[in-house]
Structures are given as structure tokens and as C-alpha cells.
Amino acid sequence: MLEKKIITQLRNVVGKDAVLTSREDLNAYSYDGTTTWTHAPDVVVLPTTAEQVSQILKLADESKIPVTPRGAGTNVSGGSIPIKGGIVLCTTRMNKILDINKTNLTATVEPGVVLQDFNIALAKQGLFYPPDPQSFLGCTIGGTVAENAGGPYCVKYGVTKQYVLGLEVVLANGYIMNLGGVTVKNRTGYELIMLFTGSEGTLGLITKITLRLIPMPPANKTMMAVFDDMAVGGQAVSNIMASGVVPAKIEFVDNFVLRRIEEMTPMGLPVDAKALLLLQADGSPAAVEAESKQIVDILKKSGAKEIKVAKDASEAAMYWKMRSAGFAATFGAAHTVMAEDVAVPRDKLVEFIRKLDEISERTGFFICYLGHAGDGNLHPSIFTDIRNKEEFARAQKAMEEIFEAALSLGGVLSGEHGIGLEKQRFLKKAMDPVALNLMRKIKTILDPNHILNPGKIWEEERV
Amino acid sequence: MAKSKQDRYEQIKRFEADLTKCMKCGFCTFWCPVYQEERIEPSVARGKNMMIRGLLAGELDYTKEYADRLNKCTLCMTCTANCPSKANIPNVIVAARADMVKARGLKFPYNIIYRWLLPRRTLFGRVIRFASWFQGIFLPKTEGTIRHLSMFLSALGKGRNIPQIAPRFLRQMVPVVNKPPGGVKATMTVGYFTGCMTDFVLPDLGKHVIDFLTRNGVEVIVPGEQGCCGAPVFLGAGDFDTGRKMADSNVKAFEGLDYVISDCATCTSALKDYPKFLADTPEREEAYAKFAGKILDISQFLVDVLKLPASAYKPSAQVKGKKITWHDPCHLSRHLGITSQPRQIIKSIPDIEYVEMPNADRCCGMAGSFSMYYYDLSKQIADKKVEAIKSTGADIVASSCPGCEIQLIDSLLRNKVPVKVMHIMELLE
């Protein structure tokens, strides 16, 4: 518990309405989008300016109070859970779009701007910000930068870090630091922006973000392909990528997810399909026409059982809505869902799918997956029940095998969700020990008292 | 003796499937009108659901803060309509309100109003009449047809612009049986559930509904025994016991009729909700389900049952040549799925221009007693609706829920936007 004095000081900084202390309210900040982790904070603070954030951090640093930054809490890594209690610093009220510049093709926003609100504002001006984590309806841009989030569009357009041009970051000691600017080119010193992008709230609090934009592609076309065999679907993805055409999105849905989605929202999906690929080509109308024709050809040659090209925007929207319901479909399927986020090199996708089948057979756990096939980033999920200790331990073991399989193929532990709490057990295996040690040193330089999001990324006892 | 946990959370347990369906994705934050204003997690469906789970787990209790967070929901159902898991959290919220009221009772003055006054229609009418004598004396008349209402209603309304209480109530203006005029053959008989607002505040609307129906060959029965639909009592306040009394008497009042129509979206939806929330015995379950099956919104009745030709919809004198937009009441659109019928009716009217407003189905923030508890929040939600209405350039915003209409009148006046608010039936000659 925090001293009353601290609460009073926090109230003095942000005002009474922006400090939450009731048990009911603290309960509401004890979880995120994961099923496994919960821990309540001692207080929730909702600042509206960088100056307020600075004062909160100064206060916390002096009294060595843990501070867990949080946006909308839609993350699926445990990253925004205040596992050490203390302060949740929630940015949802810092939600102003400060500038959209059509000439510079940049936008500057506060961290609490919701991605979908941002997308709507950009669309009005014919602009496009590609990183599209499927939590876009809820997630804040600050959160997507701190997690270096990706999504379906990243196969063609890259992840969040490829779009961050400038940041305002409040350091643990309260200093408000500016990094980068609004220019696409900037070769001034180290790429410190990249240090904070993907830092999962452990190095500083992002209070302002300048993002690179691109003009909205004038045309797009959505295609759906059905496969009898998941590996054949995976091979089709590799064939497309090797053919010289880069679709805007290539998404993969397995039979289980497909059935669940059709159950939740009947839309006439081919529920017998073992695997379904959802693809989109975008660009100028002529390019879209040519690319989609090429994609359909390759899909046919690769053994697709059925191919559908969306007739219009509403049919396309239906397919993509299905995809975004995918996580809901898996997360609602069991008490505890261990949804992982490994990514493998694209040319190892088929091999990885086969390994997943093997692991499933050997461990007896059903493994379902959906994800971004185009960039080798799948989300294999194991259904279990954390209340059943014995089973949960076995499930964790099975998940470990999945990680090992991905790593052995040259893959990574997390493609887009971040390490947070969920994956820290495996970090040692997935990183060069010298690099891991360097991360710790950086952390200690920037946050000597370890107040910022403590307990995340690396395992506790080593801190 | 301490009640078992099962008993304590009797109503919540009935909606356990909804409670557990939420998988915490947080997408509801984008849709929730309350969250959009407050931007804090306890405002949104996910937060409320987790709070109720906390209650069940014994981590939380019935505190002032718990009640406050639970009450701060308009039950607009936008979260459910957009939920990837289709978790109906408003169900859980209503149930949790009921369990809380059962355990802790209602607070003054709501206990008096909900338990004692609303179930007694005639007495309620007299109290309202009594209050209305003072409304012009103590408070200045505001613009248009709106006045501040004095006495306890004003205390509840916290100074909002409330329409004047009618000099004569609908029940005093019309007989029980209203036959079609001479020369028009009666093809059908319907019961008319008038609702408190139409009865006490908008009797002319009620008269107009009856005239329109009788002219189109419908015999309209207005049973005197009907009362309040119970929405503020069992949905808003969670008082299921009183809700059952009201439901029982309404079911009885309309016995023997095949159709019961209502011009108030909230009433329509609440009457249809009797079996879901209030059926505690097999008898009630049967009676409520049968009753709910008879209930139709007026536009649904005209379009789907009576199947009136487009030519039946002629503009009333005051709407000719005007630009009209439509506000979807939550209770009509998301609760009952009625969105095309009212639009079909309005678009059939000659000599008017129909214009769709952006986010026409976004909650206006009224939500009955919600707007009494949280008037400031309710106003903030309403201001977004005002912006949407303004952007259409419409002369008239039509709806079919007197609750929404009060909110729209109040917010348009407050924002000095000269758009007239009308019930869909008032558009028709």
C-alpha cells in the first residue's frame, strides 16, 4: 500500500478526478488481454500532459514506487499488468491528434490516441498508417509504439518501428526528452528512438509521437483461398512471396478458428477447409488488377481447393472482420489460452507447420493457429486451464517445444506482441547473453531505481 | 443467517454465460459512449464485467463505488452489438443491479418513486399533476414548448429542460375502445400501450397515433389498467420485485389481445424484456413470453403487420418541404433490431427530404434514470449526437422514443441548434 501522502501528492499533480483508488477501480486495472495474469495496482493516475507525467515519475522515483504505463490494456503479453503494484500510469486521456501534415506525410499524436480514431482521421485526408494490430479498435498508439506492434499489413509495409520519426519521452527521473523530428531522413547520432520503440514501458514514458504516413492506396482487392492441408497453404504463401509480388496482407486461419468464427458470426465460411488464406493486393488500380491475377494464378497452381475474389468492398470487409474476430475466437475457447507469437523465416513456414503438428501429436494438446502467414508470424495457441496445475505445467512444456521449434528454424520468440510476462521464461534461450546483459545495463542507466514497469521482459531473480 | 452465495448472486448466475464469454479484448472501449467520455476502464463493459467477476470471487463487495460503476451504463448495447465474443454485458449489469438491490435495498427518493409511485398509475398521475401546477409559477418559461418542471421531478432532473406536463392526460382524453371512423372497415384490433411519457406529457401524440390507426382500419384499445412499463424500475434500478408487480398488471391489462403496440422504444423493449429478467416462476415465464410476443413497435406494426402502402404516409402540415433525419433509439435498433421500418416510413413521405445522420444509432445518453444520476455525463454524450444532427443540415430530427426526444430537445436547446424534435408519428398526417 502507498502512503496517503503519495496519493495526495498525485492528486495535486493531476487533479482529484484523475486519481483512482477504490478497490473497484483498481480491479479494473489489474488485467490486460491475456488470460493468465492479474495484479491490481495501488493507484491509477490519468495525466493529460507531459509535465504531469514528469511530476508523477519524479515523485515515484524519489519514493521508489513502481510505475506501470498502460494505454487501453488490449495488449496480450501481460506488459501493462502492474505485477509489482504501485502506480498505473494510464495514458487514455492524452488522446489528442496534434497535427496531420499532408505535405510532410507525417502526423504527431499524443500516446492515448486510439489507433482506429487515428485511422478515421487519416482516411478523411486520403492518408494511411499501415501498422494494424488487430486490437486497433481499442489499442492506443503509445502502446503500439512501446510494443513495436505489427499486424496483417506489415508483410508489405513493415511494423511500427518503420514509421516512428520522433518521440517525446519522459525519463524515470522526470526529464522530458525529445528525440528525432519530422524528417524521414535523420542521421543524428544513435537511433535512440528505436531504443524506446518496443521498450515495453521499461525505459521511459512516451508522451508524444511523430509518425511517418503514406498516401492511401487508391485501390485494393481481397482474395480468399481454401486448402485441404495446412502445409499446402503454407507452401502457397512461400510461392507467392518468391514470385516477386508482395501482397499487402497474407493471413492464415486454421480449421478450428474458422469454425469458431462461423459459430460466432455465421457468414457462410467453408467450415470443412483445413486452412484458409486471406490475401489483399493494393496500389494503383492497374497494379492491383495485375497483382491479384498473378496471386490467383499462383494459388491455383499451389493447390488451392477454392478461390474467391471479393466482389466489392462489403464482401472484402466481411472477410477481414472474420480475421479480426480470430483472437476472440481462440481466447473464448478455453479457460486459459496460451496464445503465442513466434515468427519464423518465410521459407521455413511449411517446416514449422509440420513441426507444430508433430508437437500436437506428441503432447496431446490441440494446437490452433492463425496469423500473418506472409511474414511467418503465426499465433499458435494451446488451450488449457491454469487451475489444473498438472495440465497447465504440461501445456507450458508443450509451448516451450513450440518456441524451440521456431528458434531452431531461425525464428524469434515474439513477432509483434512483446515479451512482457508471458514470454520472459524463454528470453534467455532466444537472445545472445551479451545482448541481454547490454539491455539490463541500458535499463539501469535510464532507470537506476527500476521503477518503470518492473518485473517485465527478463526474469525477476536476475535483476 | 447468511445467504448462500448462490442466492446472493441469483440473477447474475442466470447470465453466467455472458459473464464468462468476455475474453477481455477491450474492443468495447471503442464503442462505449460512457467510456468515450470518461476514458477509464471501470466505465466500459470489460471493466464492469471484471468488477462483477470480482464480486463473485469475493474480492469486491457492495460499496458506494461498486453501485456507482454499475449504474454508470446506459444499457445501449453497442458493446454487445460489436463484441467479437457476443458477450451481452448489459444483461449481466441489469442482473447485478437486481442482486444488489435485493441485498441492499433502494435509496431515497428512488425507493419512494419506484416502489410506491410508479406502480400506482392514477396516484402517479395526481402527483405529476400537482407538480405541474407549480412549474409555471416558480420557474421561468424557457424557449419553445419546454419548461422547467418543479418539485421532485426537477430534483431528479437536476435542472434539465423537461417538457411541460400536459393539461389533460391521454387517459382522460380518449375512450378505452377507439373504433375506426364511419366508412372505414375495422380489419384488426390492437392494444395500445401508452407509456408514461405519452400519457402524461405527450397526449397529443397518443391521440394522433390512435387517429392514424383508426383511419387505417385498426380498432385501438387503450386499457385503463395499464401502468408504467417498469423500465426505470427493473432495468434502471434493478428492483425486480416491483418490476414483477408492474409486469403482472400490464400482462393482465392486455389479456385477450393479439397485438399490443407502443410508440415508445424503451417501453416496447422493456415489455419484451419481462421474460428475460422477471420470469421467476414457470407461470410467469409462460405469461411473460406470451405477452412479449404480442408487443410491437408502432413502425414495425405499420410496415410488417399492417403493411400499409407508401401512399398511406402523407406529410403532416408542419413537415412539408422539410429536411428530416432519423435518430435510432438504442431500445429500437440494437435491442429490437428495428432500423429499416422507420426509415421506410419516412422515405415514403412525399414532399420531404430524408437525410441520414452519421452514427444514427449512437446512444443519445438519456437512458432514463442514468441521466438523472449522471446528468453531466449524459449531456456530454448528447453533445456528440447534436453534432451529428447539425452536420446533416436537417430541419427536423425524428425518433420514436419519448425518452430520446426529451434528451434531444434538451441538448439541442442547450447548444442553440434550431432543429425540431418530432416523433415519427407526428411526421404523418
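Going along each chain's sequence as written, the residues are numbered from 1 onward. Key to labels: chains lettered from A, ligands numbered from 1, both in the order written. Only residues with pLDDT of at least 70 get local features here, since the model is predicted, and only at 80 or more are side-chain atom pairs given and counted; chain-wide, interface and lining totals rely on the full set of residues. Computation of side-chain values: all heavy atoms of the structure, hydrogens and water removed.

Numbering goes from the N terminus for both helices and strands, where a helix is a DSSP run of H or I of at least four residues and a strand is a run of E of at least two. Within chain B one finds 25 helices and 11 strands. Each residue gets one of three labels from its accessible area relative to the maximum for its type: buried under 20%, exposed over 50%, partly exposed in between, using a 1.4 Å probe on protein chains only. The proportion of buried residues among the 429 residues of chain B is 61%. In this description, contact between two residues means that some pair of their heavy atoms is separated by no more than 4.5 Å. For chain B, long-range pairs separated by at least 24 residues make up 77% of all intrachain contacts whose partners lie at least 6 apart in sequence. Only the protein chains shown count as covering a residue, and every accessible area follows the Shrake-Rupley method with a 1.4 Å probe. Counting only carbon and sulfur atoms, one obtains 55% of the accessible surface of chain B, whose full area is about 16,800 Å².

All names here are of chain A. A domain assignment, automatic or from a database, supplies the domain bounds used here. Entries for chain A in the domain assignment read domain 1 (4-92), domain 2 (97-215), domain 3 (219-327) and domain 4 (334-418). Counting residues at the interface gives 17 residues for domain 1, matched by 18 residues for domain 2. For salt bridges, the criterion is a side-chain nitrogen of Lys or Arg within 4 Å of an Asp or Glu carboxyl oxygen. Connecting domain 1 to domain 2 are 0 salt bridges. Under this definition, polar contacts are N or O atom pairs within 3.5 Å; protein pairs additionally need one hydrogen-donor-capable and one acceptor-capable atom, and for neighbouring residues in sequence, both atoms have to be side-chain atoms. Applying the counting rule to domain 1 against domain 2 returns 1 residue pair in polar contact (both at pLDDT 80 or more). Looking at the side of domain 1 that touches domain 2, the elements that each hand over two or more residues are α3 (50-63) and β3 (67-70). With 7 residues, the single largest contributor to the side of domain 1 that touches domain 2 is α3. Three residue categories are used. Nonpolar comprises Ala, Val, Leu, Ile, Met, Phe, Trp, Tyr, Cys and Pro, charged comprises Asp, Glu, Lys and Arg, and polar comprises the others, including Gly. Looking at the side of domain 1 that touches domain 2 residue by residue, the class counts come to 7 nonpolar, 7 polar and 3 charged.

Right, let's get into the pairing of strand β14 (residues 275-283) of chain A. Residues and elements named next belong to chain A. The buried fraction of β14 is high, at 9 of 9 residues. Burial along β14 is two-sided: Ala275, Leu277, Leu279, Ala281 and Gly283 and Leu276, Leu278, Gln280 and Asp282, pointing in opposite directions, are all buried. Sheet analysis places strand β12 (residues 219-227) next to β14, joined by 9 bridges and oriented antiparallel. When the sheet's bridge partners are listed, Phe227 is paired in β14 with Ala275. Strand pairing is assigned whenever DSSP detects at least two bridges linking the two strands. Here strand β13 (residues 249-254) runs beside β14; their pairing, made up of 6 bridges, is antiparallel. Along β14, the bridge assignment pairs Asp254 with Ala275.

Below, the discussion takes up the pairing of strand β18 (residues 377-384) of chain A. Residue and element names in this part refer to chain A. Counted residue by residue, β18 has 8 buried out of 8 residues, so it is predominantly covered. Of the two faces of β18, the one carrying Asn377, His379, Ser381 and Phe383 and the one carrying Leu378, Pro380, Ile382 and Thr384 are both buried. Where strand β17 (residues 367-372) meets β18, 6 bridges bridge the pair, whose relative direction is antiparallel. Opposite Leu370, over in β18, you have His379 as the bridge partner.

Moving on, we come to helix α1 (residues 4-14) of chain A. For an α-helix, 3.6 residues make a turn, and residues three or four places apart therefore share a direction. All names here are of chain A. Along α1, the residues that are buried comprise Ile6, Ile7, Leu10, Val13 and Val14. The buried residues of α1 occupy one face: seen down the axis, they fall within an arc of 120°. Exposed and facing more than 90 degrees away from the buried side of α1 are Lys4, Lys5 and Asn12. Where α1 ends, the next residue or the one after it, Gly15, has phi of about 95°, a positive value. Within this analysis, the arc is defined by the directions that extend from the helix axis to the C-beta atoms.

Below, the discussion takes up the interface of chain B and chain A. Each partner contributes residues to the interface: chain B has 28 residues there, and chain A has 36 residues. A quick way to say it: buried area is the sum, across both parts, of accessible area lost when two parts are put together, with a 1.4 Å probe. In total, chain B and chain A occlude about 2,600 Å² of area from one another, counting both sides; carbon and sulfur atoms represent 55% of this. Considering only the side of chain B, the residues that lose the most area to chain A are B:Phe27, B:Phe30 and B:Arg39, jointly responsible for 25% of the buried surface there. For the pair chain B and chain A, the interface holds 2 salt bridges. One salt bridge connects A:Asp25 with B:Arg69, and the closest N-O pair in it is separated by 2.7 Å. Viewed at the interface, chain A and chain B are joined by 12 residue pairs in polar contact (both at pLDDT 80 or more).

As a further point, take the environment of A:Gly73. As for its placement among the helices and strands, A:Gly73 is situated in the loop between β3 and β4 (87-90). Exposure remark for A:Gly73: the relative accessible area of 3% places this residue in the buried category. Sequence separation between A:Gly73 and A:Asp32 is 41 residues; the distance between their C-alpha atoms is 4.8 Å. Beyond its immediate chain neighbours, meaning those up to four positions away, A:Gly73 contacts A:Asp32, A:Gly33, A:Ser80 and B:Arg46.

It is worth spelling out the sheet that holds β18(A) at this point. Residue and element names in this part refer to chain A. The 7 strands lie next to each other as β15-β12-β14-β13-β17-β18-β16, forming an open sheet whose pairing is antiparallel. Sheet topology places β15 (306-309) and β16 (336-339) at the edges, where each strand pairs with a single neighbour. Across the sheet, the mean angle from the axis of one strand to that of its neighbour is 20°, orientation sign disregarded. Most of the contacts of helix α9 (residues 255-264) go to β13, to which it runs at about 85°, and overall it touches β13, β14, β17 and β18. To obtain each axis, a line is fitted to C-alpha atoms, and for helices this fit is confined to the stretch in contact; angles are then taken between N-to-C directions over 0 to 180 degrees.

For the rest of this paragraph, the subject is the nonpolar core. Nonpolar cores were defined as sets of buried Ala, Val, Leu, Ile, Met, Phe, Trp, Tyr and Cys residues, with membership established by side-chain atoms within 4.5 Å. Counting residues in each nonpolar core, the largest one holds 117 residues, and the members touching the most others are B:Leu213, B:Leu302 and B:Leu427. When residues in this core are grouped by element, the largest group, 8 residues, is from helix α9 (residues 89-104) of chain B. Among residues more than four places away in sequence, those in contact with B:Leu427 are B:Lys314, B:Pro315, B:Ser316, B:Val319, B:Ile324, B:Ile346, B:Ile349, B:Ile396, B:Ala398 and B:Met422. A:Val155, A:Phe227, A:Val344 and A:Ile457 belong to the second-largest nonpolar core, a separate cluster that totals 51 residues.

Before going further, it helps to spend a moment on the domain arrangement of chain B. Residues and elements named next belong to chain B. As assigned here, chain B comprises domain 1 (5-104), domain 2 (110-163), domain 3 (170-305) and domain 4 (310-427). On the domain 3 side, the residues contacting the 11 residues of domain 1 number 12 residues. In this assembly, domain 1 packs against domain 3 so that about 860 Å² is buried in total across both faces, 54% of it on carbon and sulfur atoms. Connecting domain 1 to domain 3 are 5 residue pairs in polar contact (both at pLDDT 80 or more). Within the residue set of the side of domain 1 that touches domain 3, elements represented by two or more residues are α2 (10-14) and α9. Among the residues forming the side of domain 1 that touches domain 3, the class breakdown is 5 nonpolar, 4 polar and 2 charged.

What counts as a ring pair is set by centres within 6.5 Å for rings of Phe, Tyr and Trp (its six-membered ring), and what kind of pair is set by the plane angle: stacked under 30 degrees, edge-to-face over 60, tilted for all other angles. In this structure the tally under the stated criterion is 26 aromatic pairs over all chains. With a centroid separation of 5.9 Å and an interplanar angle of 5°, the aromatic rings of A:Phe252 and A:Tyr369 are classed as stacked. Of this pair, A:Phe252 sits in strand β13 while A:Tyr369 is found in strand β17, placing the two residues 117 residues apart along the sequence. Residue A:Phe252 is classed as buried on the basis of its relative accessible area of 0%. A relative accessible area of 1% places A:Tyr369 in the buried class. In textbook terms, an aromatic cluster arises when at least three aromatic residues are bridged by ring pairs, as seen for B:Phe15, B:Phe193, B:Phe234, B:Phe240, B:Phe254, B:Tyr274, B:Phe277, B:Tyr288 and B:Phe291. Each ring is checked for a lysine NZ or an arginine CZ that lies within 6 Å of its centre and within 35 degrees of its normal; such an atom marks a charge sitting over the ring. Over the ring of A:Tyr163 we find A:Arg212; its NZ or CZ atom is 4.5 Å from the centre of that ring.

Below, the discussion takes up the packing of helix α20 (residues 298-305) of chain B against helix α22 (residues 340-348) of chain B. Residue and element names in this part refer to chain B. Where α20 contacts α22, the axes come no closer than 8 Å and their chain directions differ by 75°. In this view, α20 runs roughly perpendicular relative to α22, as classed from their interaxial angle. Side by side, α20 and α22 meet where Ser299, Gln300, Leu302, Val303 and Asp304 of the first sit next to Gln341, Pro342, Gln344 and Ile345 of the second. Grouping the constituent residues of the contact of α20 with α22 by class yields 4 nonpolar, 4 polar and 1 charged. Just so you know how the angles are binned, under 35 degrees is roughly parallel, over 145 roughly antiparallel, 65 to 115 roughly perpendicular, and the rest oblique.

This part takes up the confidence of the model for chain B. With 89% of its residues at a pLDDT of 70 or more, chain B has an overall mean of 89. Note on residues 134-152 of chain B: pLDDT is under 50 here. Beyond four places in sequence and across chains, it has 40 contacts. Across the chain, each position has a pLDDT score giving the predictor's confidence in that residue, from 0 to 100.

Further remarks concern the environment of B:Arg69. Among the structural elements, B:Arg69 can be located in helix α7 (residues 64-71). C-alpha separation for the pair B:Arg69 and B:Lys294, spaced 225 residues apart in sequence, amounts to 35 Å. Setting aside residues up to four positions removed in sequence, B:Arg69 forms contacts with A:Leu20, A:Asp25, B:Glu38, B:Ile40, B:Pro42, B:Lys48 and B:Met51.

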